[in-house]
Amino acid sequence: MIPDILVSSVSVRGDTVGITYVVTNGAQSQDSADAFAVDAPTGVFAITRPTPKTGWWVSKYYKGKNIAYWAILNTLPPGASTPSLYYESVGLPGIATDWLKGEVPVPEYQGSDTTPQDPLRDNSVIGKTVGVEAFPPDRSARALLTRLRSMTQTICASPLLWISNSGLCAQLVTDLDQAESYRARGQMAQAKSSLSRYVGRLAGGSPGTFATGVTSAGYWVLKSNADLINALL
C-alpha cells in the first residue's frame, strides 16, 4: 500500500486536542486497506465513527494500548479516500505513529508457531503523522518555545521532511529565536509578532493552501503549537 495521510485540521480547546484526517490508499497500491490507527499515549478522549456508520467500527484501544482505531468494514481500495476521521486526546499537538493496515487473508494455523499474531503490526504500512503528546513537565512559554524549535528542526529533517524547503526552515528557526529573545526581555508584543510571522510563513497565498514545500502535517502541527504559545504571551 501507498498511504497518503492528509491532516485537514487541528483544534485545541483547553487541554484537549482534536485532529481530523483524510486517508487515501494510493492509486499505485496493490492491496486494499481495512483499518487506520494513530498512537494516542495519553488515551483517546473521543473518537467519531464516519458515515455511513454501518461501514465503520471505531475503538479507543487496540490490544490494550491507547490507540485511535478506525476499522473500514468495506475496505479501502487503491485510489480511494476515507471520509473525515476525527479523534480527541489530552495533551499537546505533536508527532505520532500511524498505521494503515492492509486487507490480508487469515493465515492457516501453524502448530509450531508460537509467535503472537498482531495484524496491525504485521500487515500495516507504518508512518508518522500529527498526533497528541503528553504534556511536558514545564509548560511555560519559554519551555514550549524550546520544544517548538526542536520540533521544527525535526520536521525539516530526514526522515520526516514535512517541510522540504531548507530556506524556509532556516527562517522559521530564526523567527522562534527572535520570539524567545523578545520574551526574555519582556517585549511580549514583539514576541507575538515573531510567532505570527512564523505561522504566516507556513501558509500559502490563498486560503487553505500551504507554502511551497510544506505538507499538511507540517503546517498543522507547527501552527497549532505556535498559536498555543502566542496565547500564553
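Predicted, not measured: the structure shown is a model, and the values here were computed from it.

Cut-offs used in this document
Residues numbered from 1 in each chain as written. Predicted model: local features only at pLDDT ≥ 70, side-chain atom pairs only at ≥ 80, totals over all residues. Heavy atoms only, no water. Helix = DSSP H or I, 4+ residues; strand = E, 2+ residues; numbered from the N terminus. Expected span 1.5 Å × (residues − 1). Buried < 20%, exposed > 50% of the residue type's maximum accessible area, 1.4 Å probe, protein only. Arc of directions from axis to C-beta. Contact = heavy atoms within 4.5 Å. Polar contact = N/O pair within 3.5 Å; in protein donor to acceptor, adjacent residues only side chain to side chain. Core = buried A, V, L, I, M, F, W, Y, C linked by side-chain atoms within 4.5 Å. Pairing = 2+ DSSP bridges. Axes fitted to C-alpha atoms, helices over the stretch in contact; angles between N-to-C directions. Phe/Tyr/Trp six-rings, centres within 6.5 Å; stacked < 30°, edge-to-face > 60°.

J.: Would you take a moment to explain helix H3 (residues 166–184) for this structure?
T.: A turn of α-helix holds 3.6 residues, and therefore any two residues three or four places apart point the same way. Its 19 residues give H3 an end-to-end C-alpha distance of 27 Å, which sits within 8% of 27 Å, the value for a rise of 1.5 Å per residue. Buried residues of H3: Leu168, Cys169, Leu172, Val173, Asp175, Leu176, Ala179 and Arg183, and no others. Seen along its axis, H3 keeps its buried residues to an arc of 155 degrees; they face one direction. Opposite its buried face, H3 presents the exposed residues Ser166 and Ala184, each directed more than 90 degrees away. In this structure, the buried side of H3 is in contact with helix H2 (141–156) and helix H4 (188–202). The backbone nitrogen of Gly167 has a side-chain oxygen 3.1 Å away, supplied by the residue at the start of H3, namely Asn165. The positive-phi residue at the C-terminal boundary of H3 is Gly186, with phi of around 80 degrees.

J.: Which parts of the structure should I look at to understand the nonpolar core?
T.: The tendency in soluble globular proteins is for nonpolar side chains to be buried as a group. Tyr21, Trp70, Tyr87 and Ile163 are the most contacted members of the largest nonpolar core, which totals 56 residues. In this structure, Ala35, Ala37, Tyr62 and Ile67 belong to the second largest nonpolar core, which totals eight residues.

J.: Please clarify how the sheet that holds strand E6 (residues 65–76) should be interpreted in this entry.
T.: Either a parallel or an antiparallel arrangement is found when strands of a sheet pair, and the pairing is made through backbone hydrogen bonds. With antiparallel pairing, the five strands of this open sheet are ordered in space as E5-E6-E3-E8-E9. Strand pairing shows two members of the sheet lacking a second neighbour, strand E5 (56–62) and strand E9 (124–133), which therefore form its edges. The average angle at which neighbouring strand axes cross in this sheet is 20 degrees, direction not considered. Looking at chain direction, strand E3 (residues 33–39) and E6 are connected through six bridges and run antiparallel. Residue Ala33 lies in a different strand from E6, and its bridge partner there is Leu76. The sheet contacts of H2 involve strand E8 (92–102) and E9, and relative to E8 the element is tilted by about 35 degrees. Of the strands in this sheet, E8 and E9 are in contact with helix H5 (residues 216–232), which crosses E8 at around 155 degrees.

J.: I would appreciate a short explanation of the packing of aromatic side chains in the present structure.
T.: The description of two aromatic rings rests on the distance between their centres and on the angle between their planes. Taken as a whole and assessed by the stated rule, the structure comprises nine aromatic pairs. Look at Trp70 and Tyr87: their rings are 6.3 Å apart centre to centre, the planes differ by 75 degrees, and that puts the pair in the edge-to-face class. Of this pair, Trp70 sits in strand E6 while Tyr87 sits in strand E7 (residues 85–90), placing them 17 residues apart in sequence. By relative accessible area, Trp70 is classed as buried at 0%. Given a relative accessible area of 0%, Tyr87 falls into the buried group.

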